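Fold and geometry: a report
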Amino acid sequence: MPDHAAIYDELDVPTVVNAAGTKTRIGGSLIRPEAADAMRAAADSFARISDLQSRASDLIADATGAEAGYVASGAAATMTLAAAAAIAGDDLGAMARLPDTEGLADEIVMPRTHRTGYDHALRAAGATVVDVGTNDRHLGTGSRNVEPWEIADAVGEETAAVGYVQKEYTEPPLATVADVAHDHDVPVIVDAAAELPPVSNLERFIEAGADMVVFSGGKAVRGPQSTGILAGREEYVRSAAAQHLDMHAHEDAYVPPEDLVDVDDLGGVPRQGIGRGLKVGKEELVGIIRALELFLEEDQAAKQEEWTARAMRVAEGLDSASGVITEITGDDAVSVAPEVIVAVDPDEAGITATELARELRQERPRVFVGADGIDAGRVAVNPMCLTDEEADYAVERMLSYLDE
Ligand SMILES: *Cc1c(COP(=O)(O)O)cnc(C)c1O
C-alpha cells in the first residue's frame, strides 16, 4: 500500500480502502488536490462570508441553470435550509421562531416511497413530513406507488413544499410532481445529494421544474466533505441566506451583497436563524467553488472509462475464487458509476456476504465494500474511490476469505 496516510498513522487511526463509493461515514470522496490547496490558501486571510456565498451563488447558478445558489455544511444541511426557506419566506418573525411553526404552513408533502432517513433534515427546520401513496408497485398488480392526484389531494393550506428524492427508482417523474405543486403554488424541494455524475444532472432537476435542489459537495464533486450545494429560485436562496449567515448588526451599517440578501425586501436585519449551526467557513466556500469549477470541466467519458476498466480488473481478479459470481453494472443511463456486484454462495465460498463485509472492515487498513445487497448475499465493489493499486489490494483481501 502507498504511504500517503502518514497523518492517520500518526494519530493511530486506521485508514480505509474505500471500495464502497462516496459514503460519508468513511470520509466521502477524496477532495481534489486543487480544492485542498485553495482551502489552505483561503486560510491565510479574511474574507466576508456573504461575499464568498455571493460568488458561489453565481457559479452554482451558471452550473445548474437556477437563479441562485448557496452553500452549507452538507446536502442534509441545505435540505434544512430549503425547508426553512419554504416555511418562512421573507417573514423575519417566522425566521426567528423556527423550528416553532405554530401558525405557519409547515407541511412537506412527499411520496411515501421517497422517504429516507435524510428527511430528518427537513423536519429539523420545523417541518412535518406528510407522506402519500403506497408501496403497491411490488404487489404485482401493475399499480403504481403514488398517483399525481394523491399528491394534489394532500397539498392544502398547511403545505409549505413538496419533497422529492431523486433516485433511479423514484416515481412519478419530477416534471409531473412539479406541475402538481406549481398548480397549488408550492415549491418542490429535490434531494439529489448523490445524483452526480453525470454533470448534466446539475441542470436536469431545475429544468424539470425543481424550485430548490440539493447536491452533496463532498461526493462526486470532490469538494470539502462538509459542504452541500443548494440551487434554486432567488426568493428561497435569499431566505436560506437570511437564516444561515451571521446577520445581527446595526441596520444602518449592514450592507450584505444585494444579490443574496436584500435588506429592504426583508424589512429589517434578522438574527441568527435555524441555519446557524450549519455554517461553512471561508475555507469550505473557496474549496467548493474550486471543486465545482473542476467538476464542470472534467472529461466525463474518460472518467467512466477509467471506472469501467477498474471494475473489469476487479471482476477478473475475483475470477479464481469459487462460490462467487461477478457482474458489472452501469450500462444503463441512470447509474452514477459502474460497480462490480459480487454474489457470494456461502456453501462454496466458505463465507457469507455479510461475514465477508464485516471481516474486511475490521482489518487494518479497513476495507469497505458496498453492503447494500448483503441481505441478498451480495457485496459490491465500487471503483470511484479506489486507485488501481487499492483495487488490487481489495481483491487480494477478499480472496483471502474465499475458498479457492
Ligand atoms: C449523501 C446523501 C445525503 C446527505 O448528504 P451530505 O452532503 O452528506 O449531507 C442526503 N440525501 C441523500 C439521498 C444522500 O445520498
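Residues numbered from 1 in each chain as written. Predicted model: local features only at pLDDT ≥ 70, side-chain atom pairs only at ≥ 80, totals over all residues. Heavy atoms only, no water.

**Comments concerning the pairing of strand β3 (residues 107-111)**
Here is the rule we go by: Type-normalised accessible area, obtained with a 1.4 Å probe on protein chains alone, sets the label of each residue: buried when under 20%, exposed when over 50%, and partly exposed for intermediate values. For the purposes of this entry, the term helix denotes a DSSP run of H or I that reaches at least four residues, the term strand denotes a run of E that reaches at least two, and both are numbered from the N terminus. A pair of strands counts as paired when DSSP detects no fewer than two bridges linking them.
Of all the five residues making up β3, four are buried; the element is thus mostly covered by neighbouring parts of the structure. Relative to strand β4 (residues 128-132), β3 is paired through five bridges, and the arrangement is parallel. Within β4, the position partnered with Met 110 by the bridge is Asp 131. In the sheet, β3 pairs with strand β5 (residues 159-165) via three bridges, with the strands oriented parallel. Residue pairing in the sheet places Val 109 in a bridge with Val 162 of β5.

**A look at the nonpolar core**
Side chains of a nonpolar character, in soluble globular proteins, are inclined to be buried together. To keep things clear, this is the line we draw: Definition used in this section: a nonpolar core is a set of buried Ala, Val, Leu, Ile, Met, Phe, Trp, Tyr and Cys residues joined via side-chain atoms within 4.5 Å. Residue contacts follow a heavy-atom distance rule, with two residues in contact if any of their heavy atoms lie within 4.5 Å.
Counting residues in each nonpolar core, the largest one holds 47 residues, and the members touching the most others are Ile 151, Val 162, Val 190, Val 213 and Leu 292. Of all the elements in the fold, those that place two or more residues in this core are α3 (49-64), β5, α8 (174-183), β6 (188-191), α9 (201-207), β7 (212-216), β8 (228-232) and α12 (282-297). Per-element accounting of this core gives the leading share, six residues, to α12. Residues contacting Ile 151, with those up to four places away along its chain left out, are Val 109, Pro 111, Val 132, Val 146, Val 162, Pro 172, Val 177 and Val 180. Core analysis: the second largest hydrophobic core is formed by 46 residues, Leu 98, Met 110, Ala 241 and Val 261 among them.

**Points about the packing of helix α13 (residues 300-317) against helix α16 (residues 388-399)**
Inclusion rule: Note on geometry: axes are lines fitted to C-alpha atoms, helical ones only across the stretch in contact, with angles between N-to-C directions running from 0 to 180 degrees. Angle categories: roughly parallel below 35 degrees, roughly antiparallel above 145, roughly perpendicular from 65 to 115, and oblique for all the rest. Here a crossing is taken to be left-handed if its near helix is turned anticlockwise relative to the far helix by less than a right angle, and right-handed if that turn runs clockwise. Basically, the charged four are Asp, Glu, Lys and Arg, the nonpolar ten are Ala, Val, Leu, Ile, Met, Phe, Trp, Tyr, Cys and Pro, and anything else, Gly included, counts as polar.
Interhelical geometry of α13 versus α16 gives an angle of 25° and a closest axis separation of 10 Å. Taken as axis vectors, α13 and α16 run roughly parallel relative to one another. Relative to α16, the crossing made by α13 is right-handed. Facing Arg 310, Arg 313, Val 314 and Gly 317 of α13, the residues of α16 in contact are Asp 388, Ala 391, Asp 392, Val 395 and Leu 399. For the contact of α13 with α16, the class distribution of residues is four nonpolar, one polar and four charged.

**Describing the site of the ligand**
Basically, it comes down to this: We call a residue near a molecule or strand when any one of its heavy atoms sits within 4 Å of it. Polar contacts, as used here, are pairs of N or O atoms within 3.5 Å; protein pairs need one atom able to donate a hydrogen and one able to accept it. Residues neighboring in sequence count only if both atoms are side-chain atoms. Accessibility throughout is a Shrake-Rupley quantity obtained with a 1.4 Å probe, and a residue counts as covered only by protein chains that appear here.
Inspection of the region around the ligand gives Thr 24, Gly 74, Ala 75, Ala 76, Tyr 118, Asp 191, Ala 193, Ala 194, Ser 216 and Lys 219 as its neighbouring residues. Between the ligand and Ala 75, the relevant distance is 2.8 Å, taken from an oxygen atom to a main-chain nitrogen or oxygen of the residue. Contact between the ligand and Asp 191: a nitrogen atom at 2.7 Å from a side-chain N or O atom of the residue. Here the ligand loses 87% of its free accessible area of 390 Å² to cover by the protein chains. A per-class count over the shell around the ligand returns five nonpolar, three polar and two charged.

**Comments concerning unusual backbone geometry**
Across the junction of Glu 171 and Pro 172, the peptide omega takes the value -10°, indicating a cis bond. Mapped onto the fold, Pro 172 is located in the loop between β5 and α8. Geometrically, the link from Pro 197 to Pro 198 is a cis peptide bond, its omega value of 5° lying close to zero. We note that Asp 12 has phi near 60°; this positive angle belongs to a residue other than glycine. For Asp 12, the location among the structural elements is in the loop between α1 (6-10) and β1 (16-19). Of note in the backbone geometry, Arg 222 takes a positive phi value of approximately 60° without being a glycine. Position of Arg 222 among the secondary structure elements: in the loop between β7 and β8. You can call Arg 222 partly exposed: its relative accessible area is 25%.

**Quick look at the sheet that holds strand β12 (residues 378-381)**
The sheet built from three strands is open, its strands ordered β9-β10-β12 with antiparallel pairing. Only two strands of the sheet have a single partner each, and these edge strands are β9 (324-329) and β12. The sheet shows a mean angle of 25° between the axes of neighbouring strands, taken without regard to direction. For strand β10 (residues 339-344) and β12, the ladder comprises four bridges, and the chain directions are antiparallel. Within the sheet, the bridge partner assigned to Ile 341 lies in β12 and is Ala 380. The strands that α13 touches are β9, β10 and β12; relative to β9, the one it contacts most, it runs at about 170°. Together, β10 and β12 form the strand contacts of helix α15 (residues 353-361), whose direction differs from that of β12 by roughly 45°.

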